[in-house]
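Architecture at a glance
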Amino acid sequence: MLRVLHLTDPHLFANPEGALRGTVTYASLEAVIDHYHRSDWRADLVVVTGDLIQDDSAQAYEHFRRLLRELELPVYCLPGNHDIRDFMRAALSTPPFHYCASVEARNWLIVCLDSCVDGSAGGKLGTTELERLAELVRTSSAEHVMVCLHHPLVSTGSLWLDSVGLDNAAEALEQITAHDGVRLSIFGHVHQDLEHEHRGVRILATPSTCRQFEPRRVTFAVDDNPPAYRRINLRTDGSIDHELVW
């Protein structure tokens, strides 16, 4: 079994006291990591699905590196719409950090995709990324695949949030789930818990390590749910179980 710790949307600032909608994001991520350490569940690797920073600063990525190193695990990161690719790539391309990479372990292939569009809160999975996924699946010896990205492949039911979702979500969903080995896709961006299934593929959004959005709203609104992370168990036979931890 492969155990994956899913973190997303920490929105760090260069100033460790920086707050997003009333939540000090450095302290919030630190609390999530501390909660993981105090639990009886241990991951094999971490996937962080974007929006690592909030303020366009290189220093915020240094804070991320410092906090995530405490986990003593491989950390697979992909960009969100608030990330700066050049800063992120420079900070997170040396082990234990991996930028927009893939990994094969225990009969699973995990692929991180870049769904971001420069200058836009919304995203798109371009031909290059979809073809990269297809080639990785084709050449992998793993029977099962988990696909990771920032933007949602499915509707959230919130009008404002779906307006800044994945522009080609329907097309991307069909192409991703058409691969026989794909069992699971995870994403961030939506700051809420979401679970969906398409063609037998599980699709999961994990809430942020900081502030959450209120579900199913026409206009933007935050709620009072606490920080969260998800524990995902990928079994060698392709079955999956997971737990959302608030």
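Residues numbered from 1 in each chain as written. Predicted model: local features only at pLDDT ≥ 70, side-chain atom pairs only at ≥ 80, totals over all residues. Heavy atoms only, no water.

**Concerning the overall build of the chain**
Condition: Per the convention used, a helix needs a DSSP run of H or I reaching at least four residues, while a strand needs a run of E reaching at least two, with both numbered from the N terminus. Radius of gyration here uses only the C-alpha atoms, and the compact-globule reference equals 2.2 Å multiplied by the residue count raised to the power 0.38. Only protein chains enter the accessibility calculation, which uses a 1.4 Å probe; a residue whose area is less than 20% of its type maximum is buried, one above 50% is exposed, and one in between is partly exposed. Throughout, a residue-residue contact means that at least one pair of heavy atoms, one from each residue, lies within 4.5 Å. His is not counted, nor are the chain ends, whereas Lys and Arg count as positive and Asp and Glu as negative. Each charge is placed at NZ for Lys, CZ for Arg, CG for Asp and CD for Glu.
In terms of helices and strands, the chain carries 6 helices and 14 strands. Over its C-alpha trace the chain gives a radius of gyration of 16 Å, about what one expects of a compact globule, namely 18 Å for 246 residues. Considering only C-alpha atoms, the chain reaches an extent of 45 × 40 × 35 Å along its principal axes. By the burial criterion, 55% of the 246 residues in the chain qualify as buried. Relative to all contacts within the chain whose residues are 6 or more apart in sequence, the contacts with residues 24 or more apart total 67%. Of the side-chain charges in the chain, 22 are positive and 35 negative, and the distance between the mean point of each set is 3 Å.

**Brief notes about the packing of aromatic side chains**
For clarity, the threshold we go by: For Phe, Tyr and Trp, rings pair up if their centres lie within 6.5 Å, where Trp contributes its six-membered ring, and each pair is then called stacked (planes under 30 degrees apart), edge-to-face (over 60) or tilted (otherwise).
Within the structure shown, the criterion is met by 5 aromatic pairs. Judged by centre distance (6.3 Å) and plane angle (50°), the rings of F64 and F97 are tilted. Highlighted residues: F64 in helix α2 (residues 58–69) and F97 in strand β6 (residues 97–99), separated in sequence by 33 residues. Across the pair, exposure class does not vary: F64 and F97 are buried alike.

**Points about the environment of G18**
Its place among the elements puts G18 in the loop between β1 (2–7) and β2 (19–20). Sequence spacing of G18 and H179 is 161 residues, and the spatial spacing of their C-alpha atoms is 42 Å. Apart from the residues within four sequence positions on either side, G18 is in contact with F13, T23, V24 and T25.

**Description of the packing of helix α1 (residues 25–38) against α2**
The following threshold applies: Here an axis means a line fitted to C-alpha atoms, over the contact stretch when the element is a helix, while the angle between two N-to-C directions is reported on a 0 to 180 degree scale. Every angle not falling under 35 degrees, over 145, or within 65 to 115 is termed oblique; those three ranges are roughly parallel, roughly antiparallel and roughly perpendicular. By definition, any crossing whose near helix is turned counterclockwise from its far helix by less than a right angle is left-handed, and any crossing with a clockwise turn is right-handed. Polar here means any residue other than Ala, Val, Leu, Ile, Met, Phe, Trp, Tyr, Cys and Pro, which are nonpolar, and Asp, Glu, Lys and Arg, which are charged; Gly is therefore polar.
Where α1 meets α2, the axes come as close as 10 Å, and the angle between the chain directions of the two elements is 15°. Between α1 and α2, the interaxial angle falls into the category roughly parallel. For α1 against α2, the interelement crossing comes out right-handed. Facing Y26, L29, E30 and I33 of α1, the residues of α2 in contact are H63, F64, R66, L67 and L68. Looking at the contact of α1 with α2 residue by residue, the class counts come to 6 nonpolar, 1 polar and 2 charged.

**Side note on the environment of C112**
Relative to the assigned elements, C112 resides in strand β8 (residues 108–112). Residue class for C112 comes out buried when judged on its relative accessible area of 1%. For C112 and V137, which are 25 residues apart along the polypeptide, the C-alpha to C-alpha distance reads 12 Å. If we skip the residues at most four places from it in the chain, C112 touches Y76, L78, C100, A101, E129, R132 and C148.

**Focus on helix α6 (residues 169–178)**
To keep it simple, the criterion reads: The reported arc concerns the directions from the helix axis to the C-beta atoms and nothing else.
When α6 is considered as a whole, its buried residues turn out to be A169, A172, L173, I176 and T177. One side of α6 holds all its buried residues, which, seen down the axis, span an arc of 115°. Its buried side turned inward, α6 meets α4 (127–139), β9 (144–148), β10 (182–187), β11 (194–198) and β12 (201–205).

**Considering the sheet that holds strand β14 (residues 240–245)**
Test applied: Only when DSSP finds a minimum of two bridges between them are two strands counted as paired.
As summarised here, the arrangement of the 6 strands in space is β6-β5-β4-β1-β13-β14, forming an open sheet in which the pairing is mixed. The sheet is open, and its two borders are formed by β6 and β14, each paired with just one other strand. For this sheet, the mean angle separating the axes of adjacent strands, direction not counted, is 20°. Two strands pair when backbone bridges link them, and β1 and strand β13 (residues 229–234) are joined in this way by 5 bridges, in the antiparallel orientation. Across the sheet, V4 pairs through a bridge with I232, a residue of β13. Set on the sheet, α1 makes contact with β1, β13 and β14; between it and β13 the angle comes to about 45°. Where α2 meets the sheet, it contacts β1, β4 (45–48), β5 (75–77) and β6, and its direction lies at approximately 130° from that of β6.

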